[in-house]
Amino acid sequence: PGTTPLRAPTHPHLTYHFSSLKMAITYDKAMQVYFGMYAATMTTFPDEVWGKDGLGQLPYWAKPLGDALAPAGFFARIVGMCFGLLVFGRLKCGVSEDAFSKQTIAFHVVSLLPFGNIALNPTANWTQWVWQLQVVINVLLALWGAQSTGLLGGGKKKAKRSTRKRA
């Protein structure tokens, strides 16, 4: 007898209905952050972030890549620049959300072959479990992108306008 049932807040700005819940971030925005983060870290200090004892705690490679003059360090930085150019195109060069999303979906799908090769073949140069995780991430991101762009059927979902009154 002395228990009160839990209730949702009653203030209009704090009341939410399950039917109005939406994805907090779009695929487009998420990929800008995802590729932008890799661009920033791969062009500047890949070993310090993604190396054996890196800040990212996802050691993609087991041995240091070296600076930008070493072959591996050079190519890591080129990959970072390519990721950066992908995001730059979306943000500053008029690349549409649809085109950008399809480019990133293509990356996630096409890169499965080389990433899967590393994930399935242990070597001293790569950290196998990280690449196995990356393959799973790529599949999930490709599916999210394909769903959000309508590539899985049903056409692209149009964003609904908010019916909430603005102050």
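Residues numbered from 1 in each chain as written. Predicted model: local features only at pLDDT ≥ 70, side-chain atom pairs only at ≥ 80, totals over all residues. Heavy atoms only, no water.

## Considering the pattern of salt bridges
Argument step 1. All chains considered together, the criterion is met by two salt bridges.
Argument step 2. When the shortest N-O distance is used, the salt bridge between aspartate 28 and arginine 90 registers 2.8 Å. You can see aspartate 28 sitting in helix H1 (residues 27-44) and its partner arginine 90 sitting in helix H3 (residues 71-92), a full 62 residues away along the chain.
Argument step 3. Here aspartate 98 and lysine 102 are joined by a salt bridge, their closest N and O atoms 3.0 Å apart. A residue pair is termed a helical-turn pair when its members lie 3 or 4 positions apart in one helix, as aspartate 98 and lysine 102 do in helix H4 (residues 97-110) at four residues.
Argument step 4. On the accessibility criterion, aspartate 98 (28% relative accessible area) is partly exposed.
Argument step 5. The partly exposed category is assigned to lysine 102, whose relative accessible area is 36%. (Salt bridge = Lys/Arg side-chain N within 4 Å of Asp/Glu carboxyl O. Helix = DSSP H or I, 4+ residues; strand = E, 2+ residues; numbered from the N terminus. Buried < 20%, exposed > 50% of the residue type's maximum accessible area, 1.4 Å probe, protein only.)

## Some words on the packing of aromatic side chains
Argument step 1. For the structure shown, the criterion picks out 16 aromatic pairs.
Argument step 2. Between the aromatic rings of tyrosine 38 and tyrosine 60, the centroid separation amounts to 6.4 Å while the plane-to-plane angle is 75°, which identifies the pairing as edge-to-face. With tyrosine 38 in helix H1 and tyrosine 60 in the loop between helix H2 (46-50) and H3, the pair connects residues that are 22 residues apart, well separated along the chain. Just as tyrosine 38 is buried, tyrosine 60 falls in that class too.
Argument step 3. Each member of the aromatic cluster is reached from another via a ring pair, and the members are Tyr34, Phe35, Tyr38, Trp50, Tyr60, Trp61, Phe83, Phe107, Phe115, Trp126 and Trp131. (Phe/Tyr/Trp six-rings, centres within 6.5 Å; stacked < 30°, edge-to-face > 60°.)

## Some remarks on H3
Argument step 1. Under the 1.5 Å per step criterion, the end-to-end length of H3 is 30 Å for 22 residues, consistent within 8% with the ideal 32 Å.
Argument step 2. All buried positions along H3 are accounted for by Gly73, Ala76, Arg77, Gly80, Phe83, Leu86, Val87, Gly89 and Arg90.
Argument step 3. In this structure, the buried residues of H3 make contact with H1, H2 and H4.
Argument step 4. Immediately beyond the C-terminal end of H3, within one or two residues, lies glycine 94, with a positive phi of roughly 85°. (Expected span 1.5 Å × (residues − 1). Contact = heavy atoms within 4.5 Å.)

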